[in-house]
Amino acid sequence: MIKIFNLLTNIVFKKKQPVSIVHFLTNRCNARCSFCFINFSDNKIFQNELNLYEIDKLTKKLGSSIRNVSFTGGEPFARKDILEIAKLYIKNSLIQSIYITTNGSLPERILAFAKNINAFNKNIELNFQISIDHFPDKHDKIRKIPNLFKNCLTTYFSLRELNIPQINSNVAITVSEENYQDIEGIYNYLYYRKRIKHIKAILVRDEGIYKNNISKKKLILDAYKLLTNKIIKNLNVTKNNFNEKSLQGKIHQQKDIIAFRLIKKIAQHNKYISPCHAASLFGIITAQGDVYPCEILENKKIGSLRDVNMDFIKLWNSKKNFEIKKDILNNKCFCTYECGMSFNIIGNYRYYFDLALGLFK
């Protein structure tokens, strides 16, 4: 009870320790998506990834409030030691869930990972977000991997067929210049023809080397609105994007609905709505061990883990991060970054009534 009280106190009032981190395991990827923010022409981005010894030290210094880690990249399964990395997080920290974004191109490796982690610790919730952006041929063309759509379906259904409540898969559609004109048909094809019942929406954003076509921003947003409305409508039929038996899963589901609403409002009006808790409740670790408040604020590096002997909390409690956190709040920083939005909702009391509604659905 004391641990739960301290966790809630941190989330609601103090906001001093991270609840979740996003760990970019690697920048390596077998895809070359047209809207990717990674500059693959810069060979330096593939060098000096954190090794297992360093990650072992890191995971022992994540604080007492950490409950989730999200693995991303690049393609996180491009790291053949991803299983060992996950086990270090489970063994050394207090995480209860691992969220993984993947292009779904390596179904056998992904399925083996899920089975191994569940055998290692049956209480850890695993959520796999698989990217599908278009009809089969166009999806493979956008991502530049032959037979990718087929492998995505194999990944999604293989994970679902395990029938383990702690292991969930969903498909994420990134609404962009590539697909906004076909978004309703894509959703209907996936949901009704391919029987994919667990779908999420991502709104493409300016980040890294990718910049939106300004003349198409409204059209892309309109497509995002259409997609999220269809997703929410069908949630009444299919409720288990996450583990519907767990408190965390129910809250996560309801959080997504609130996030859809906020993202649409921010994108449409380009204005601040509520405080951002980057550098407070969540943060980013790059493949090379640099720590940032979020992946959007590329000019606000908190520091390098290698400079502090992998002591994450030492960086988090540093004067530099205090100044960054203060700057984010004072300047009313805002964006549509979905990971950031999640913890802005969880850390803001004005959304608690809506979140509580998810417990009774």
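The structure we're discussing is the one just above.
In short, a report on the structure. (Residues numbered from 1 in each chain as written. Predicted model: local features only at pLDDT ≥ 70, side-chain atom pairs only at ≥ 80, totals over all residues. Heavy atoms only, no water.)

## Quick notes on helix α2 (residues 52-59)
- Of all the positions in α2, only E54, I55, D56, L58 and T59 are classed as buried.
- Lining the buried residues of α2 we find β1 (20-24), α3 (82-92), β7 (282-285) and α10 (312-316).
- You can read the cap of α2 off the contacts: a side-chain oxygen lies 3.1 Å from the backbone nitrogen of Y53, and it is on N51. (Buried < 20%, exposed > 50% of the residue type's maximum accessible area, 1.4 Å probe, protein only. Helix = DSSP H or I, 4+ residues; strand = E, 2+ residues; numbered from the N terminus. Contact = heavy atoms within 4.5 Å. Polar contact = N/O pair within 3.5 Å; in protein donor to acceptor, adjacent residues only side chain to side chain.)

## Considering the sheet that holds strand β3 (residues 97-102)
- Pairing is mixed across the open sheet formed by nine strands, whose spatial order is β6-β5-β4-β3-β2-β1-β7-β8-β9. With one partner strand each, in any of the chains shown, β6 (199-203) and β9 (303-304) form the two edges of the open sheet.
- Along the sheet face, helix α4 (residues 107-120) touches β3, β4 (125-131) and β5 (167-175) and points at about 170° away from the line of β4. (Pairing = 2+ DSSP bridges. Axes fitted to C-alpha atoms, helices over the stretch in contact; angles between N-to-C directions.)

## Some remarks on the state of the cysteines
- Counted according to the given criterion, the structure contains zero disulfides.
- The thiol sulfur of C333 is not disulfide-bonded, and the nearest other cysteine sulfur, from C276, lies at 5.5 Å.
- Classification of C333 as partly exposed rests on a relative accessible area of 24%. (Disulfide = S-S within 2.5 Å.)

## So, empty space enclosed by the protein
- Applying the stated criterion across every chain yields a total of two cavities of 30 Å³ or more.
- Roughly 160 Å³ of volume is contained in the largest cavity.
- In this structure, the largest cavity is lined by 18 residues; those nearest its centre are C276, F334, C335, M341 and N344.
- Secondary-structure elements contributing two or more residues to the lining of the largest cavity are α9 (247-269) and α12 (338-346). (1 Å grid on protein atoms, 1.4 Å probe; cavity = no way out; pocket = protein on both sides within 12 Å on 5 of 7 lines; lining within 4 Å. Points joined across faces, edges and corners; volume = space filled by probe spheres on them.)

## Comments concerning the environment of Q254
- As for its position among the elements, Q254 is in helix α9.
- Along the sequence, Q254 and L357 sit 103 residues apart, while their C-alpha atoms lie 7.6 Å from each other.

## Describing the packing of aromatic side chains
- Per the stated rule, a full pass over the model turns up eleven aromatic pairs.
- Relative to F128, the ring of F113 lies with its centre 6.2 Å away and its plane at 90°, an arrangement referred to as edge-to-face. Of this pair, F113 sits in helix α4 while F128 sits in strand β4, placing them 15 residues apart in sequence.
- Between Y187 and Y191, the ring centres sit 5.5 Å apart and the planes meet at 10°, which makes this aromatic pair stacked. In this pair, Y187 and Y191 both sit in helix α7 (residues 183-193), four residues apart, roughly one turn of the helix. Accessibility assignment for this pair places Y187 and Y191 in one class, buried.
- Put simply, the rings of F77, F113 and F128 pair up and form one aromatic cluster. (Phe/Tyr/Trp six-rings, centres within 6.5 Å; stacked < 30°, edge-to-face > 60°.)

## Observations regarding the environment of A86
- The residue A86 is located in helix α3 in this model.
- The spacing of A86 and T59 is 27 residues in sequence and 9.9 Å in space, taken between C-alpha atoms.
- Not counting residues up to four positions away in its chain, the partners in contact with A86 are F71, I98, F113 and I117.

## Quick look at the packing of α2 against α3
- It is at 9 Å that the axes of α2 and α3 come closest, and there the two elements cross at 25°. Classified by the angle between their axes, α2 and α3 sit roughly parallel to one another. In the packing of α2 onto α3, the handedness of the crossing is right-handed. For the pair formed by α2 and α3, the contact residues are L52, I55, D56, L58 and T59 on the first element and E84, I85, L88, Y89 and N92 on the second.
- Here the residues of the contact of α2 with α3 are counted per class, giving six nonpolar, two polar and two charged. (Parallel < 35°, antiparallel > 145°, perpendicular 65-115°, else oblique. Left-handed = near helix turned anticlockwise from the far one by under 90°. Nonpolar A, V, L, I, M, F, W, Y, C, P; charged D, E, K, R; others polar.)

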